[in-house]
Amino acid sequence: MGVVADEPKYPTQVVSREYERANALTTCPVCGGAAFGWLTLPDPSTNPTVGQLAEVDRVIDLCEECGAGVERGYGSVDAAAELREATVDGVAPNRASWQAWIGGDSWSRLFGWKGHLLFTPKAVARIETGRADAPKARTAPSYLAMWQTLINALTFNTNFASRVRSGELGPSKPGARGTAAFWVDAMVTVLASPLTGLAALVVESLALLFNRGGVIMTSSKR
Ligand SMILES: [Zn+2]
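Here goes a summary of the coordinates provided. As the structure is a prediction and not an experimental result, all values here were calculated from the model.

1. A word on the sheet that holds strand β7 (residues 139-140)
Ordered by their spatial adjacency, three strands build an open sheet running β5-β8-β7, and the pairing between neighbours is antiparallel. One side of each edge strand has no neighbouring strand; the edge strands of this open sheet are β5 (91-93) and β7. Note: β7 against strand β8 (residues 215-217), two bridges, orientation antiparallel. Paired with T139 across the two strands is I216, which belongs to β8.

In structure tokens:
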């Protein structure tokens, strides 16, 4: 007995958009496109970065048309309000940036992210103009976020340096990973800073050339 392949329900060319939308896990609130699984974010209290399994807290789908990241279960949120909320000092994190691509679930911007949408230059232009064919919004560099993303690959605690600076982590409150991990992270951060700092400068500058900087310049006001 051989294996009989299922007949396609529609001719391939017609299938794509209609079939995708019908089977998408999430519908993009920016453009109505189909969004499929991109990554999962763990429960922040477990805060894993290096090869540990954790409870999945949130699932982020990726729109195949405008590239926006959409938290599963939030396909009908107000995209313009989300953009206003995500905009700080005229810029919003860029889901289509090199730092997001390099970092994946270690992208520094995902830690503590409270919104439900992650924007791209294409998505921002669409929200701001209401036109699907609007030219993409421009991006700007975010060297610190790139550096933190690179360091995240080496530390147990995500965004270790900025959390120490904010007082969230410290010798007397080492976080969910414990005291040993805290001191290892402190050592790794200090030792790796010169090289990762230089790498962040170079890579983020290159990203900007391709309009893939860490943040998108928006006209939204908070
Ligand atoms: Zn979309």
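2. Regarding the nonpolar core
In terms of nonpolar packing, the biggest core is built from 24 residues, with C28, V30, C63, A68, F119 and V124 touching the most fellow members. Of all the elements in the fold, those that place two or more residues in this core are β2 (34-42), β3 (56-63), α2 (79-86), β6 (117-118), α4 (121-129) and β8. Per-element accounting of this core gives the leading share, four residues, to α4. Setting aside residues no more than four positions away along its own chain, C63 makes contact with C28, V30, C31, G33, A35, A68 and V70. Judged by nonpolar contacts, the second largest core, of 13 residues, contains A145, L150, I151 and A207.

3. Let's talk about the environment of R212
Relative to the assigned elements, R212 resides in the loop between α7 (178-209) and β8. In sequence terms R212 and A96 are 116 residues apart; their C-alpha atoms lie 6.5 Å from each other.

4. Notes on α7
For α7, with 32 residues, the first-to-last C-alpha span of 41 Å runs short of the 46 Å given by 1.5 Å per residue. Buried within α7 are the following residues: F182, D185, T196, A200, V203, E204 and A207. Looking at the packing, one finds that the buried side of α7 touches α3 (98-103), α5 (143-152) and α6 (160-165). The positive-phi residue at the C-terminal boundary of α7 is N211, with phi of around 55 degrees.

Criteria and thresholds
Residues numbered from 1 in each chain as written. Predicted model: local features only at pLDDT ≥ 70, side-chain atom pairs only at ≥ 80, totals over all residues. Pairing = 2+ DSSP bridges. Helix = DSSP H or I, 4+ residues; strand = E, 2+ residues; numbered from the N terminus. Core = buried A, V, L, I, M, F, W, Y, C linked by C-beta atoms within 7 Å. Buried ≥ 20, exposed ≤ 12 C-beta atoms within 10 Å, placed from the backbone. Contact = placed C-beta atoms within 7 Å. Expected span 1.5 Å × (residues − 1).

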